[in-house]
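Topology and contacts: notes
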Amino acid sequence: MPHQLIQSELFGHVKGAFTGAQHHKIGKIEAADGGTLFLDEIGELPLEDQATLLRFLQEQCIEAVGSHLSRRVDVRIIAATNIDVEQAVASGGFRMDLYYRLNVVRLRTPALCERAEDIQLLADDILAEVRGGRMLSFTHKARQAMQSYGWPGNVRELRNICERLIVLSDTTEIGLREIQMLKIFRKKGIRRAALQRRIMRLLQLTAGDFMIPMVREPAACPMGLSFMKESICSGSR
């Protein structure tokens, strides 16, 4: 999105501020005065626009595009991103001063593969939302396949897959047949995804420090993992 349009969305503009600005427009920040504004994908904001957002956070004042009049507003900002902001700061893609202005209280949303118990709850909710008037549900085998998949695209991927499964289904149930029609649910991919989820769970249980020895019996290894090659060590401390 061009710089002027981003500024217009955030701070508003006056009539004639730029080509196509035929009316005065209130920006999102001014509209949220006295409340909360959620900024999604803040990590994608261009550096030029990061500077103006930082100025607002410091001064709590806004200027509409094309105007020299400042207006004080009281807005709480909640920002979200799916990128590693600290890495973006280190590489120069995100301003350090803006990062510290925004990073007052930090909440991390676990990846979907880390909260497998939510997969079916979310899938059922999405199904109820998009199936229209159809009577439609997942079979037990379909649920097992979805539970075993790694979901690298998180909830957005889950929603996309549910919508595709609804289109593919010609009965009142979404079963393994429909699941297998999607290439991402091939058995090899499911096994790999399930293994990744187990390793992630093991990392959580051991605070990132563990060793999996070379064993032949799954029962002899934490979380039922079995490795026939060399030992795997992991540690963050």
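Thresholds, definitions, all that
- Residues numbered from 1 in each chain as written.
- Predicted model: local features only at pLDDT ≥ 70, side-chain atom pairs only at ≥ 80, totals over all residues.
- Heavy atoms only, no water.
- Helix = DSSP H or I, 4+ residues; strand = E, 2+ residues; numbered from the N terminus.
- Contact = heavy atoms within 4.5 Å.
- Buried < 20%, exposed > 50% of the residue type's maximum accessible area, 1.4 Å probe, protein only.
- Expected span 1.5 Å × (residues − 1).
- pLDDT = per-residue confidence, 0-100.
- Arc of directions from axis to C-beta.
- Phe/Tyr/Trp six-rings, centres within 6.5 Å; stacked < 30°, edge-to-face > 60°.
- Salt bridge = Lys/Arg side-chain N within 4 Å of Asp/Glu carboxyl O.
- Patch = residues over 30% accessible without salt bridge, like charges linked within 9 Å, V, L, I, M, F, W, Y side chains within 5 Å.
- Areas by Shrake-Rupley, 256 points an atom, 1.4 Å probe, with all protein chains shown as cover.

What to know about the overall build of the chain
Tallying secondary structure elements over the chain gives 10 helices and 10 strands in all. For the chain, contacts bridging at least 24 residues in sequence account for 59% of all contacts bridging at least 6.

Digging into unusual backbone geometry
One non-glycine residue, Trp 151, lies in positive phi territory at about 50 degrees. For Trp 151, a relative accessible area of 1% puts it in the buried group. With phi around 55 degrees, Asn 154 is a residue other than glycine that occupies positive phi space. Within the secondary structure, Asn 154 sits in helix 8 (residues 154-168).

Considering helix 3 (residues 47-59)
Taking 1.5 Å of rise per residue, 13 residues should cover 18 Å, and helix 3 covers 19 Å from first to last C-alpha, within 8% of that figure. The inward-facing, buried residues of helix 3 contact helix 1 (3-11), helix 2 (28-31), strand 3 (36-39), strand 4 (61-63), strand 6 (76-79) and helix 5 (96-102). Positioned one or two residues after helix 3, Gln 60 has a phi angle of 55 degrees, which is positive.

Some words on the confidence of the model for the chain
Mean pLDDT over the chain: 81, with 77% of residues reaching 70 or higher. Overall, residues 187-191 carries pLDDT values under 50, and its contacts beyond four positions in sequence, including any with other chains, amount to 3 contacts. pLDDT under 50 marks residues 210-237. Its contacts with residues more than four places away, or in other chains, come to 51 contacts.

Here's the deal with helix 6 (residues 119-130)
Counted at 1.5 Å a residue, the expected span for helix 6 with its 12 residues is 16 Å, and the 16 Å between its end C-alpha atoms agrees. Among the residues making up helix 6, those that are buried are Ile 119, Gln 120, Ala 123, Ile 126 and Leu 127. Buried residues of helix 6, seen end-on, are gathered within an arc of 125 degrees and therefore sit on one face of the element. Exposed residues on helix 6 whose side chains face more than 90 degrees from its buried face are Leu 121, Asp 125 and Glu 129. Each element contacted by the buried residues of helix 6 is listed here: strand 7 (137-138), helix 7 (140-148), helix 8 and strand 8 (173-174).

Considering the packing of aromatic side chains
The final tally for this structure, using the stated rule, is 2 aromatic pairs. Arranged with centres 5.1 Å apart and planes meeting at 65 degrees, the rings of Tyr 99 and Tyr 100 form a pair that is edge-to-face. Taking relative accessible area as the criterion, Tyr 99 reaches 10% and is therefore assigned buried. Judged by relative accessible area, which is 55%, Tyr 100 ranks as exposed. Judged by centre distance (4.7 Å) and plane angle (80 degrees), the ring pair of Tyr 149 and Trp 151 falls under edge-to-face.

Points about the pattern of salt bridges
For the coordinates displayed, the defined rule picks out 15 salt bridges. When the shortest N-O distance is used, the salt bridge between Arg 156 and Glu 41 registers 3.4 Å. In this pair, Arg 156 sits in helix 8 while Glu 41 sits in the loop between strand 3 and helix 3, placing the two residues 115 residues apart along the sequence. You can call Arg 156 exposed: its relative accessible area is 58%. A relative accessible area of 22% places Glu 41 in the partly exposed class.

Some words on a nonpolar patch on the surface
Together, Val 104, Val 105 and Leu 107 give the surface a local cluster of nonpolar side chains, amounting to about 380 Å² of exposed area. Mapped onto the fold, Val 104 is located in the loop between helix 5 and helix 6.

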